[in-house]
Amino acid sequence: MSYSEPGVRALLDADWQRLMVAMGKPSRNRKWTDAFSPRFAHIVLIRWAYAFHRTGWHRLGKLTSLLNFGLFGMEIPSSLKIGPGLIIPHTNGIILGAAKIGANVTIYQQVTLGAKMADWDYDLAQRPVVEDGATIAAGAKVLGPVVLGSNCVVGANAVVVSDVSPGEVVGGVPARVLSSGK
């Protein structure tokens with residue numbers, strides 16, 4: 001049995017439903033006009049950029065990512081695989097140069113996920129992996145081939161250079177465990 005990734009519509013529906021819950025609003029089906037919401041338009045561009053990339057339309061994917069950069073100040077490669085349920089409440093200054101981002105992740109403004117040194121080839125082995133349910137607070141920097149475990153929280157302005165276990169809360173420069181997930 002082969003696994004197929006969810007399509008753009010399914011991903012956007014999951015993202016929209018999670019956003020409604022996070023904003024404390026009643027759940028409702030996503031409408032096409034929701035693509036113009038300031039809390040959702042950037043997610044639409046992220047999803048379409050990846051869909052174009054995945055289907056072989058690499059240049060169109062890059063162009064869509066560039067549009068996201070120009071409109072919202074977010075630098076995200078079109079090749080970045082991100083699970084359903086993504087929430088990015090404030091877009092300014094976000095750089096998501098991760099290897100992979102899981103489902104139900106929340107990322108705040110001014111977050112950087114990337115390699116420790118300039119990596120022009122985008123080597124996934126030098127990039128962070130964000131597992132399901134992680135929350136990355138404003139200004140956090142996650143650098144190098146680290147894993148942010150499921151349901152962990154990275155505090156505001158933390159600099160993460162080593163793995164974070166599932167459920168842990170980390171903060172500081174460099175980040176240290178503030179609360180264990182056990």
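Structure shown above.
The paragraphs below set out a description of the structure included in this document.

### Considerations on the sheet that holds strand β13 (residues 176-179)
Phase 1: Read from one edge to the other, the open sheet built from five strands follows the order β4-β7-β10-β12-β13, with strand pairing classed as mixed. Each edge of the open sheet is held by one strand with a lone partner, namely β4 (106-107) and β13.

### A look at helix α1 (residues 8-22)
Phase 1: With 15 residues, α1 extends 21 Å between its outermost C-alpha atoms, agreeing within 8% with the 21 Å of an ideal straight helix rising 1.5 Å per residue.
Phase 2: Within the sequence span of α1, burial applies to Val8, Leu11, Leu12, Asp15, Trp16, Leu19 and Met20. All buried residues of α1 lie within an arc of 165° about the axis, which places them on one face of the element.
Phase 3: Tucked inside the fold, the buried residues of α1 contact α2 (41-54).
Phase 4: Positive backbone phi, approximately 70°, marks Gly24, located one or two places after α1.

### Some remarks on the nonpolar core
Phase 1: Counting 38 residues, the largest nonpolar core has Ile88, Leu96, Ile101, Ile107, Leu113, Ile136 and Leu148 as the members making the most contacts within it.
Phase 2: Only α1, α2 and β2 (94-96) provide two or more residues apiece to this core.
Phase 3: It is α1 that provides the largest number of residues to this core, a total of five residues.
Phase 4: Apart from residues no more than four positions distant in its own chain, Ile101 is found in contact with Leu80, Lys81, Ile82, Gly83, Leu96, Ile107, Leu113 and Val130.

How each quantity is defined
- Residues numbered from 1 in each chain as written.
- Predicted model: local features only at pLDDT ≥ 70, side-chain atom pairs only at ≥ 80, totals over all residues.
- Heavy atoms only, no water.
- Pairing = 2+ DSSP bridges.
- Helix = DSSP H or I, 4+ residues; strand = E, 2+ residues; numbered from the N terminus.
- Expected span 1.5 Å × (residues − 1).
- Buried < 20%, exposed > 50% of the residue type's maximum accessible area, 1.4 Å probe, protein only.
- Arc of directions from axis to C-beta.
- Contact = heavy atoms within 4.5 Å.
- Core = buried A, V, L, I, M, F, W, Y, C linked by side-chain atoms within 4.5 Å.

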